[in-house]
Amino acid sequence: MGKVYLIPTTLGDSAPLEVLPISIKRAIENIDYYVVENEKTARHFIKKISPTKSQPELHIESLNKFTDPTVIPSYLDPCLSGHNIGVLSEAGCPGIADPGASVVKVAHERRIQVVPLVGPSSILMAMMSSGMNGQNFAFNGYLPIDKAERKSTLKRLERLSREQGQSQIFMETPYRNDKLLAELKRTLQKSTRLCIAADITLPTEFIQTKIVHEWGEIALDLNKRPAIFIIQA
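Residues numbered from 1 in each chain as written. Predicted model: local features only at pLDDT ≥ 70, side-chain atom pairs only at ≥ 80, totals over all residues. Heavy atoms only, no water.

K.L.:
What am I meant to see in the overall build of the protein chain here?
P.N.:
Within the protein chain, the regular secondary structure consists of nine helices and ten strands. Against the 2.2 N^0.38 benchmark of 17 Å for 233 residues, the protein chain shows a C-alpha radius of gyration of 19 Å, consistent with a compact globule. Reported as C-alpha extents along the three principal axes, the dimensions of the protein chain are approximately 60 × 35 × 30 Å. Here the protein chain holds 233 residues, and 45% of them are scored as buried. By sequence separation, contacts in the protein chain at least 24 residues apart represent 74% of the contacts at least 6 residues apart. Entry remark: accessible area of the protein chain is about 12000 Å², with carbon and sulfur atoms responsible for 52%. Of the charged side chains in the protein chain, 28 are positive and 25 negative; the average position of the first set lies 4 Å away from that of the second. (Helix = DSSP H or I, 4+ residues; strand = E, 2+ residues; numbered from the N terminus. Rg over C-alpha atoms; globule rule 2.2 N^0.38 Å. Buried < 20%, exposed > 50% of the residue type's maximum accessible area, 1.4 Å probe, protein only. Contact = heavy atoms within 4.5 Å. Areas by Shrake-Rupley, 256 points an atom, 1.4 Å probe, with all protein chains shown as cover. Lys, Arg positive; Asp, Glu negative; His and termini not counted. Charge placed at Lys NZ, Arg CZ, Asp CG, Glu CD.)

Rendered as structure tokens:
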């Protein structure tokens, strides 16, 4: 029986082996079956990790919001023939804010061993460097797009943070980051702490925690920069 390897990728266009352990390279070199979020970028990542690996011999299945859920179990059929499968996210760790979780779910149901490999997680790295409560935190994924609903959600998360001492983590599509930051400044209490962690592991990495009032005095361009936001009231 083959295994399902969860293979972290880089968080941006950085040299892979500067942020990934050698175990990632070994896994890539020994796996020919993959389930990925985007085939083009997955092939590019595999080539950077292992330039001599034969691309035509790779068997790649795509898993994204357009994938028919009924076909996902078939993606694991190679395991039944003794082949290992690698699951690749677009950035960071598979299964975390990532469709790869659905493959892992099926693997457990079919009693196929799941092997998580070490790699960068923007969520945990932001939390590590925020100075906020690392013993009690929650990841909330993407906030609602609707303006009124998003404002209500921010108020609720701020209240939850204040009542339970819990750090609240969330993210946004990079091209909407600036709008979210403006809304955070308008909606949150001035004394609430806000951490902004952008371009983690990249040369342009920016990580700072300040109270909302202080952020109001800073001009920061987050457009199209992958970012994590953390608040603690």
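K.L.:
Would you mind showing me how to read the packing of helix 7 (residues 147-164) against helix 8 (residues 177-187) here?
P.N.:
The axes of two packed helices give the description: the angle between them and the distance between them. Contact geometry of helix 7 with helix 8 gives a least axis separation of 11 Å together with a crossing angle of 55 degrees. When the interaxial angle is binned, helix 7 and helix 8 end up oblique. The handedness of the crossing between helix 7 and helix 8 comes out as right-handed. Of helix 8, the residues touching helix 7 (which contributes Lys147, Arg150, Lys151, Leu154, Lys155 and Glu158) are Leu180, Glu183, Leu184, Arg186 and Thr187. (Axes fitted to C-alpha atoms, helices over the stretch in contact; angles between N-to-C directions. Parallel < 35°, antiparallel > 145°, perpendicular 65-115°, else oblique. Left-handed = near helix turned anticlockwise from the far one by under 90°.)

K.L.:
Would you mind going over the sheet that holds strand 4 (residues 85-88) with me for this structure?
P.N.:
Paired through their backbone hydrogen bonds, the strands of a sheet run either parallel or antiparallel. Read across the open sheet, the five strands follow the order 3-2-4-1-5; overall the sheet is parallel. Because the sheet does not close on itself, it has two edges, and the strands there are strand 3 (59-62) and strand 5 (114-116). Looking at each pair of strands side by side, their axes are set apart by 25 degrees on average, direction ignored. Bridging between strand 1 (residues 4-7) and strand 4 involves four bridges; their strand directions are parallel. (Pairing = 2+ DSSP bridges.)

K.L.:
For this particular structure, what's the right way to read the pattern of salt bridges?
P.N.:
Where side chains of opposite charge bring their charged atoms close, a pairing between them can arise. The final tally for this structure, using the stated rule, is nine salt bridges. In this structure, Arg176 engages Glu172 in a salt bridge whose closest nitrogen and oxygen atoms are separated by 3.4 Å. Residue Asp199 pairs with Arg225 through a salt bridge whose shortest N-O separation is 2.8 Å. Placement of the pair is Asp199 in the loop between strand 8 (193-198) and strand 9 (206-211) and Arg225 in the loop between helix 9 (212-215) and strand 10 (227-232), with a sequence separation of 26 residues. Take Asp199: its relative accessible area is 7%, and that puts it in the buried class. (Salt bridge = Lys/Arg side-chain N within 4 Å of Asp/Glu carboxyl O.)

K.L.:
Explain helix 2 (residues 22-30) here, please?
P.N.:
Because an α-helix completes one turn every 3.6 residues, residues spaced three or four positions apart along the sequence face the same direction. Buried within helix 2 we find Ile24, Ala27 and Ile28. Seen along its axis, helix 2 keeps its buried residues to an arc of 100 degrees; they face one direction. In this structure, the buried side of helix 2 is in contact with strand 1, strand 2 (33-36) and helix 3 (39-49). (Arc of directions from axis to C-beta.)

K.L.:
Help me understand a nonpolar patch on the surface in this model?
P.N.:
Among the surface-exposed residues, Leu124, Met128 and Phe137 lie close enough to one another that they form a single nonpolar patch of about 330 Å² accessible area. Within the secondary structure, Met128 is located in helix 6 (residues 122-128). Met128 gets classed as exposed once you look at its relative accessible area, which sits at 70%. (Patch = residues over 30% accessible without salt bridge, like charges linked within 9 Å, V, L, I, M, F, W, Y side chains within 5 Å.)

K.L.:
Just to check I follow, could you spell out the side chain of Ser161 for this structure?
P.N.:
Within the secondary structure, Ser161 sits in helix 7. Here Ser161 falls in the buried class, since its relative accessible area comes to 1%. At a separation of 2.9 Å, a polar atom in the side chain of Ser161 contacts the main-chain amide nitrogen of Ala233. Not counting chain neighbours up to four residues away, the residues in contact with Ser161 comprise Gln166, Gln168, Ile231, Gln232 and Ala233. (Polar contact = N/O pair within 3.5 Å; in protein donor to acceptor, adjacent residues only side chain to side chain.)

K.L.:
What should I look at first to understand a positive patch on the surface in this one?
P.N.:
Taken together, Lys147, Lys151, Lys155, Arg156, Arg159, Arg162, Lys179 and Arg186 make up a surface patch of like positive charges. Counting residues per element, the ones that place at least two in the positive patch are helix 7 and helix 8. Counting residues per element, the positive patch draws most heavily on helix 7, at six residues.

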